[in-house]
Amino acid sequence: MTVAAPATGRRRILLGFTDQAVFGLASAGNALLATAVLDPDRAGAVLISITTVYFVMGISRAFVGEVVLAHVSRYDGAERRQREEDALASTLTLSVAGAVICLGLWLFGPSEWFGDLIWAIPFLPALMTHDTGRHTYLAAREQAGALTVDLTWVLTQAAAVTAFLLAGWREGGTLLVAWGLGATAGSLLFLFRSRLNPLRGHIRNWFAETRHLSGWFTGSAVIGQSQTMLIAVIVAEFLTEAAYAGLRLAQLVVLQPLQNFITAMNALMVPRFSRFASAGDLPALRRLTFRVAAFGLVVGLAAIAVVVAVTGPVLGWYKNGDYAFVEPIALPVAIQAAIYLMQIPFTAALRGMQQGKFLFMQYAVFTATSLTGVVLGARDGSLTGAAWGLTTGAAVGFIAMIILYWFAAHGPRRPEPQR
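Residues numbered from 1 in each chain as written. Predicted model: local features only at pLDDT ≥ 70, side-chain atom pairs only at ≥ 80, totals over all residues. Heavy atoms only, no water.

*Asks:* Run through the overall build of the protein chain, naming residues and quoting values.
*Replies:* Assigned secondary structure in the protein chain consists of 13 helices and zero strands. For the protein chain, the sequential pattern of α-helices and β-strands runs α-α-α-α-α-α-α-α-α-α-α-α-α. Computed over C-alpha atoms, the radius of gyration of the protein chain comes to 21 Å, within 12% of the 22 Å expected from 2.2 N^0.38 for 419 residues, which places it in the range of a compact globule. Over its C-alpha atoms, taken along the principal directions, the protein chain stretches across nearly 55 × 45 × 40 Å. Within the protein chain, the proportion of its 419 residues that are buried is 57%. The contacts of the protein chain with a sequence gap of at least 6 include a subset with a gap of at least 24, amounting to 85%. Working note: accessible area of the protein chain is about 17,000 Å², and carbon and sulfur atoms make up 68% of it. In the protein chain, the 30 positive side-chain charges and the 23 negative ones have mean positions that sit 12 Å from each other. (Helix = DSSP H or I, 4+ residues; strand = E, 2+ residues; numbered from the N terminus. Rg over C-alpha atoms; globule rule 2.2 N^0.38 Å. Buried < 20%, exposed > 50% of the residue type's maximum accessible area, 1.4 Å probe, protein only. Contact = heavy atoms within 4.5 Å. Areas by Shrake-Rupley, 256 points an atom, 1.4 Å probe, with all protein chains shown as cover. Lys, Arg positive; Asp, Glu negative; His and termini not counted. Charge placed at Lys NZ, Arg CZ, Asp CG, Glu CD.)

As structure tokens, this is what we get:
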């Protein structure tokens, strides 16, 4: 892929963060709009459908996008291009499988949870191709290219949403269609600019070369995305759909901006960590890890202070106080965000060192603790208890991440894979 020369230094970092802000806006837009234009119960049902789509996209991102960052970033020229086309071919195959799964949920699952899913199914190939495309740009350190396709997505989505609202179509299905139209525009622009052809790629080649990563990354994603899906079902079942809408609103407002920052940092750091690990420069890798962890601690503490101060007034204003019941969970959600910020460099380092097994182990510990906490918290009918259960899971997962990072950074290096 040769579209533009990679940006360097501060400009590349600025483009990376700008791109992630735009991408986060597109990703969170439908969820926030659902809480803004629908009543809490109806919004909760739509958010379950959106969570289901993210489940499928998360599996694809682990099998393809995250591996592009950690592995394809090591190559150049024709070798890189072939791997990029193999990645796109794998994405299209996974999108077909995901569409079948979602169709089954729509046909046989509870209609109050999956009734809106049908509107997103036709757009799964575009949603997943766009995601792989932006990871392809990020692996090549072409943040400007990623920003271009993401801006195309968000502007198209915004135009579609505006048109639907002006026409009086205030339903969950129209929000999903707008999301899909934005992704379609972004993915088509990526394919046009990169001149990559998914039909020249092969999923069998991708799996043969990257199975040492994609297997563990996908396993981790299955655990992580299953956790997200199960939390939605648990909260809706033990509490209400409105409670889930409130939890998602808190996560979108508090966690989403910081998670966008985390994703941008990973996109910038994983290729660099990968090259450090490939060159055997583990001292440089360790120094960068702890510098970024210290920075994450400072930002996380500041975020907690801001969230606690502004949550009450904001919720009192938002939709005339319909979501005021969310205020007690602001603190535990903010603490989760701070923990995730400190965890950024450890996760990026494990990905760069291609330690997929350790990432899988950390996800397993984190998910088991989080699900246990949310079930115990939700059983007594308390959304606050469920939120603190998730915070406990985040803290235990962070401790596990540090331990596994230590073993990876001080253990024997795994030999480079051969194609």
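*Asks:* Talk me through the packing of aromatic side chains; I want residue IDs and the actual numbers.
*Replies:* The way to describe two aromatic rings as a pair is by their centre distance and the angle between their planes. Per the counting criterion, the structure on display carries 12 aromatic pairs. Centre to centre, the rings of Tyr54 and Trp179 are 5.2 Å apart; their planes meet at 50 degrees, and the pair counts as tilted. Of the two residues, Tyr54 sits in helix α2 (residues 40–70) while Trp179 sits in helix α7 (residues 172–194), which places them 125 residues apart along the sequence. Each ring, one from Tyr340 and one from Phe366, has its centre 6.4 Å from the other, and the planes form 90 degrees; the classification is edge-to-face. Within this pair, whereas Tyr340 is found in helix α11 (residues 330–352), its partner Phe366 is found in helix α12 (residues 356–378), the two being separated by 26 residues in sequence. Each member of the pair, Tyr340 as well as Phe366, carries the same accessibility label: buried. (Phe/Tyr/Trp six-rings, centres within 6.5 Å; stacked < 30°, edge-to-face > 60°.)

*Asks:* Provide a residue-level description of the nonpolar core, including the pertinent values.
*Replies:* By size, the foremost hydrophobic cluster in this structure holds 122 residues, and its most contacted members are Leu127, Val235, Leu285 and Met353. Considering each element in turn, this core owes the most residues, 17 residues, to helix α9 (residues 241–279). (Core = buried A, V, L, I, M, F, W, Y, C linked by side-chain atoms within 4.5 Å.)

*Asks:* So what about the packing of helix α6 (residues 143–166) against α7? Which residues, and what values?
*Replies:* α7 packs onto α6 with a crossing angle of 150 degrees between their chain directions and a minimal axis gap of 8 Å. Between α6 and α7, the interaxial angle falls into the category roughly antiparallel. Relative to α7, α6 is oriented so that their crossing is right-handed. The segment α6 lies against α7, with Gly145, Thr148, Val149, Thr152, Trp153, Thr156, Gln157, Ala160, Val161 and Phe164 engaging Thr174, Val177, Ala178, Trp179, Leu181, Gly182, Ala183, Ala185, Gly186, Leu189, Phe190 and Arg193. Of the residues assigned to the contact of α6 with α7, the class counts are 13 nonpolar, eight polar and one charged. (Axes fitted to C-alpha atoms, helices over the stretch in contact; angles between N-to-C directions. Parallel < 35°, antiparallel > 145°, perpendicular 65-115°, else oblique. Left-handed = near helix turned anticlockwise from the far one by under 90°. Nonpolar A, V, L, I, M, F, W, Y, C, P; charged D, E, K, R; others polar.)

*Asks:* Explain the environment of Met353 to me, using residue names and the numbers behind them.
*Replies:* In this structure, Met353 sits in the loop between α11 and α12. Between the C-alpha atoms of Met353 and Val299, which are 54 residues apart in sequence, the distance is 26 Å. If we skip the residues at most four places from it in the chain, Met353 touches Ala277, Leu282, Leu285, Tyr405, Ala408 and Ala409.

*Asks:* Break down the environment of Leu282 for me, with residues and values.
*Replies:* Within the secondary structure, Leu282 is located in helix α10 (residues 282–317). Once you skip the residues sitting within four places of it in the chain, Leu282 turns out to touch Met353 and Ala409.

*Asks:* Requested: an account of the confidence of the model for the protein chain, with residues and values cited.
*Replies:* Per-residue pLDDT for the protein chain averages 82, and the proportion of residues at 70 or more is 92%. The low-confidence segment residues 2–7 (pLDDT under 50) makes 11 contacts with residues lying over four places distant or belonging to another chain. (pLDDT = per-residue confidence, 0-100.)

*Asks:* Residue-level account of the side chain of His135, with values.
*Replies:* Mapped onto the elements of the fold, His135 is located in helix α5 (residues 124–139). Of the residues examined, His135 reaches a relative accessible area of 6% and is grouped as buried. If we ignore the near neighbours within four places in the chain, the residues touching His135 are Arg61, Gly65, Glu66, Val68 and Leu69.

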